[in-house]
2 protein chains.
Amino acid sequence: MSDLTPAAAPNDGTPVDEPPMEAVVDLLGMLAYGELVAFDRMAADARLAPDLRRRAVLSEMAAREITNYRRLAGRLAELGADPEAAMAPYVRAVSDYHEQTEPNDWLEGLTKAYVGDAIADDFTREVALVLASPDRDLILDVLHDSEHADFAADELRAAIAIDPKVANRLSMWARRLVGEAISQSLRVAGERPSLAALLAGRGTDFQALLKRLTTAHTARMGAVGLNN
Amino acid sequence: MSDLTPAAAPNDGTPVDEPPMEAVVDLLGMLAYGELVAFDRMAADARLAPDLRRRAVLSEMAAREITNYRRLAGRLAELGADPEAAMAPYVRAVSDYHEQTEPNDWLEGLTKAYVGDAIADDFTREVALVLASPDRDLILDVLHDSEHADFAADELRAAIAIDPKVANRLSMWARRLVGEAISQSLRVAGERPSLAALLAGRGTDFQALLKRLTTAHTARMGAVGLNN
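Quick summary incoming for the structure in this document. (Residues numbered from 1 in each chain as written. Chains lettered and ligands numbered in written order. Predicted model: local features only at pLDDT ≥ 70, side-chain atom pairs only at ≥ 80, totals over all residues. Heavy atoms only, no water.)

1. A short note on the environment of Pro134 of chain B
Okay, step 1: Residue placement: Pro134 of chain B occurs in the loop between helix 5 (106-128) and helix 6 (135-142).
Okay, step 2: Separated by 88 residues in the primary sequence, Pro134 of chain B and Ala46 of chain B place their C-alpha atoms 33 Å from one another. (Helix = DSSP H or I, 4+ residues; strand = E, 2+ residues; numbered from the N terminus.)

Laid out in structure tokens, this is it:
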């Protein structure tokens, strides 16, 4: 599909339109593992916080990812899938991404959360629209609320206001994050053809999808004073 | 006091029996920081888990500590105290404790949680009894539920059943944990006399308190096949 109208993604539950179970389990497994890792990374980044107030804010946000994990794992179990088995195929790509993009300080950690979570959310939102309910609703529901992004954006803007040179360093860092994310995404797409087929089978225009993701990313970078 | 009867700790709100505000803020600050750190350490220990299922269980338990943190910080704010300022005096002792007792593997992490959380809970329960409501109720409410202890105990017993030599190594490790905890507790008691005064002022029999803590600890060690 080349637009986001829900009509392109039926949710009336007619069997002919239901995406294949294997692809749904693949997708939920990927998202569940993403939440588990997001929790872990955010908890670790909280340790980089310059004070206890900021550390508490990030810790609370991390905890919310676990609530989402629980819901996704619950849905997998409901579908008769083993959450652990459904997550396993994504462990290597996600671990590699994070090993390649270990933040060196509080601002790099925030940039990573600000840039990475938003791209992941945008992509997830697009994929959710090709699913039927209740999976579509569940997935739209576990997307990050804007609180984390707003917090990160405020911190980044404040840091850049104090020292404009920070913007260059963080812009380069963000480009590295995006590059690494793309490279790991392509690897997953190659290894899990059911996910790519899920999108392709629904008539997804990949070029238009990529353009939407890129446009939104560029706008977000500009909003905090970073350049793409 | 030499027993745990609630009569020794009035909760009828009469001013003459209310513990001094400074001591209550000190205590809530200590507990709040303890929760923030417990979250952090448990989240880090989850990374040592041998599989995704265990990692998820520990991550979910970590997230619960943050809910408790939120409640304690909320109460501090209600009392007109700044949560950050109330937590600050405990940062060094708690950090030093954890730096001195960094687990090397999954079982050491579980032993630390099993041994350390329980002693902290026992101590906290005793202190709560000298407070008035609502602080007393709040503190009793944020104590760890037994789920984490049960999970850790099951894992430890299973590991010792497979390889009995593990028991010696973990027993020594537990002794080191207790020694380091005592040394940091004495430091805090010396630096925060209001806490010690809170207990002393209520007629706490320190020797009896220490005996109760030790007896419970020894029983817990034995329950999973460790020796004290």
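2. Here's the deal with the interface of chain B and chain A
Okay, step 1: Each partner contributes residues to the interface: chain B has 24 residues there, and chain A has 24 residues.
Okay, step 2: The junction of chain B with chain A conceals about 2,100 Å² of combined surface from both sides, 60% of it contributed by carbon and sulfur atoms.
Okay, step 3: At the junction of chain B with chain A, the criterion picks out four salt bridges.
Okay, step 4: One salt bridge connects Arg47 of chain A with Asp40 of chain B, and the closest N-O pair in it is separated by 2.7 Å.
Okay, step 5: Our count for the contact surface shared by chain B and chain A stands at seven residue pairs in polar contact (both at pLDDT 80 or more).
Okay, step 6: Going through the elements one at a time, helix 1 (21-46), helix 2 (52-78) and helix 3 (83-87) of chain B are the ones with two or more residues in the side of chain B that touches chain A.
Okay, step 7: Grouping the amino acids of the side of chain B that touches chain A by side-chain chemistry returns 15 nonpolar, one polar and eight charged. (Contact = heavy atoms within 4.5 Å. Buried area = accessible area lost by both parts, 1.4 Å probe. Salt bridge = Lys/Arg side-chain N within 4 Å of Asp/Glu carboxyl O. Polar contact = N/O pair within 3.5 Å; in protein donor to acceptor, adjacent residues only side chain to side chain. Nonpolar A, V, L, I, M, F, W, Y, C, P; charged D, E, K, R; others polar.)

3. Digging into the environment of Ala49 of chain B
Okay, step 1: Mapped onto the elements, Ala49 of chain B comes out in the loop between helix 1 and helix 2.
Okay, step 2: In this view, Ala49 of chain B contacts Arg54, Arg55 and Trp106 of chain B; residues no more than four positions away in its chain are not counted.

4. Remarks on the relation of the copies chain B and chain A
Okay, step 1: Once chain B is rotated about the relating axis by 180° and shifted along it by 0.0 Å, it coincides with chain A to within an RMSD of 0.0 Å. In short, the pair behaves as if placed about a two-fold rotation axis. Judged by C-alpha distance, Ala63 of chain B is the residue of chain B that lies nearest the rotation axis, at 2.3 Å.
Okay, step 2: By residue overlap, the copies meet face to face through one surface: 100% of the interface positions of chain B are interface positions in chain A. (Least-squares fit on C-alpha atoms with pLDDT ≥ 70 in both.)

5. As for the packing of aromatic side chains
Okay, step 1: In this structure the tally under the stated criterion is three aromatic pairs over all chains.
Okay, step 2: On the basis of an interplanar angle of 85° and a centroid distance of 5.8 Å, the ring pair of Phe39 of chain A and Phe39 of chain B is categorised as edge-to-face. Here Phe39 of chain A is found in helix 1 (residues 21-46), whereas its partner Phe39 of chain B is found in helix 1 on a different chain.
Okay, step 3: Taking the relative accessible area as the measure of exposure, Phe39 of chain A reaches 0% and is therefore buried.
Okay, step 4: Between the aromatic rings of Trp106 of chain B and Phe151 of chain B, the centroid separation amounts to 6.3 Å while the plane-to-plane angle is 75°, which identifies the pairing as edge-to-face. One end of the pair, Trp106 of chain B, is in helix 5; the other, Phe151 of chain B, is in helix 7 (residues 146-162), with 45 residues separating them in the sequence. (Phe/Tyr/Trp six-rings, centres within 6.5 Å; stacked < 30°, edge-to-face > 60°. Buried < 20%, exposed > 50% of the residue type's maximum accessible area, 1.4 Å probe, protein only.)

6. Describing the nonpolar core
Okay, step 1: Core analysis: the largest hydrophobic core is formed by 129 residues, its most contacted members being Leu27, Leu58 and Tyr69 of chain A together with Leu27 and Leu58 of chain B.
Okay, step 2: The dominant element in this core, judged by the number of residues it contributes, is helix 1 of chain A, at 15 residues.
Okay, step 3: Leaving out residues up to four positions away in the same chain, Leu27 of chain A has contacts with Val127, Leu131, Ile139, Leu195 and Leu198 of chain A. (Core = buried A, V, L, I, M, F, W, Y, C linked by side-chain atoms within 4.5 Å.)

7. Re the packing of helix 1 of chain A against helix 4 (residues 91-100) of chain A
Residue and element names in this part refer to chain A.
Okay, step 1: The contact between helix 1 and helix 4 brings their axes to 11 Å, and the two run at 30°. Regarding the angle of helix 1 to helix 4, the classification is roughly parallel. For the pair helix 1 and helix 4, the crossing hand works out as right-handed. For the pair helix 1 and helix 4, contact is made by Tyr33, Val37 and Arg41 and by Val91, Val94, Ser95 and His98, respectively. (Axes fitted to C-alpha atoms, helices over the stretch in contact; angles between N-to-C directions. Parallel < 35°, antiparallel > 145°, perpendicular 65-115°, else oblique. Left-handed = near helix turned anticlockwise from the far one by under 90°.)

8. Overview of the packing of helix 1 of chain B against helix 6 of chain B
All names here are of chain B.
Okay, step 1: Interhelical geometry of helix 1 versus helix 6 gives an angle of 20° and a closest axis separation of 12 Å. Considered as vectors, helix 1 and helix 6 are oriented roughly parallel to each other. Handedness of the helix 1/helix 6 crossing: left-handed. On helix 6, the residues touching Val24, Leu27, Leu28, Leu31 and Glu35 of helix 1 are Asp135, Leu138, Ile139 and Val142.
Okay, step 2: Looking at the contact of helix 1 with helix 6 residue by residue, the classes come out as seven nonpolar, no polar and two charged.

9. Here we look at the side chain of Asp135 of chain A
Okay, step 1: By secondary structure assignment, the location of Asp135 of chain A is in helix 6 (residues 135-142).
Okay, step 2: A distance of 2.6 Å separates a polar atom in the side chain of Asp135 of chain A from a polar atom in the side chain of Arg75 of chain A.

10. Things to note about helix 6 of chain B
All names here are of chain B.
Okay, step 1: Within the sequence span of helix 6, burial applies to Asp135, Arg136, Leu138, Ile139 and Val142. Projected onto a plane normal to the axis of helix 6, the buried residues spread over an arc of 165° and lie on a single side.
Okay, step 2: Here the buried face of helix 6 lies against helix 1, helix 2 and helix 5. (Arc of directions from axis to C-beta.)

11. Digging into the side chain of Glu35 of chain B
Residues and elements named next belong to chain B.
Okay, step 1: Checked against the element boundaries, Glu35 lands in helix 1.
Okay, step 2: Arg71 provides the closest opposite charge to the buried, unpaired Glu35, separated from it by 9.1 Å.
Okay, step 3: Apart from residues lying up to four places away in sequence, Glu35 is in contact with Glu65, Asn68, Tyr69, Leu72 and Val142. (Lys, Arg positive; Asp, Glu negative; His and termini not counted.)

12. A short note on helix 10 (residues 206-223) of chain A
All names here are of chain A.
Okay, step 1: For helix 10, built from 18 residues, the straight-helix expectation of 26 Å at 1.5 Å per residue is met to within 8% by its first-to-last C-alpha distance of 26 Å.
Okay, step 2: Within helix 10 the residues assigned to the buried category are Ala208, Leu209, Leu213, His217, Arg220 and Met221.
Okay, step 3: Residues of helix 10 that are buried make contact with helix 5 (106-128) and helix 8 (165-191).
Okay, step 4: Taken from the residues just after helix 10, Gly225 is the one with a positive phi, measuring 90°. (Expected span 1.5 Å × (residues − 1).)

13. Section: the pattern of salt bridges
Oppositely charged side chains may form a pair once their charged atoms are brought near each other.
Okay, step 1: With the rule as written, the count across this model stands at 36 salt bridges over all chains.
Okay, step 2: Put simply, Arg41 of chain B and Glu102 of chain B hold a salt bridge, and the shortest N to O gap is 2.9 Å. Highlighted residues: Arg41 of chain B in helix 1 and Glu102 of chain B in the loop between helix 4 (91-100) and helix 5, separated in sequence by 61 residues.
Okay, step 3: Glu191 of chain B is paired through a salt bridge with Arg187 of chain B; the nearest N and O atoms lie 3.8 Å apart. Of the two residues, Glu191 of chain B and Arg187 of chain B are both situated in helix 8 (residues 165-191); the distance of four residues between them amounts to about one turn of the helix.
Okay, step 4: A relative accessible area of 41% places Glu191 of chain B in the partly exposed class.
Okay, step 5: Because the salt bridges share partners, they merge into one network encompassing Asp51, Arg54 and Glu155 of chain A.

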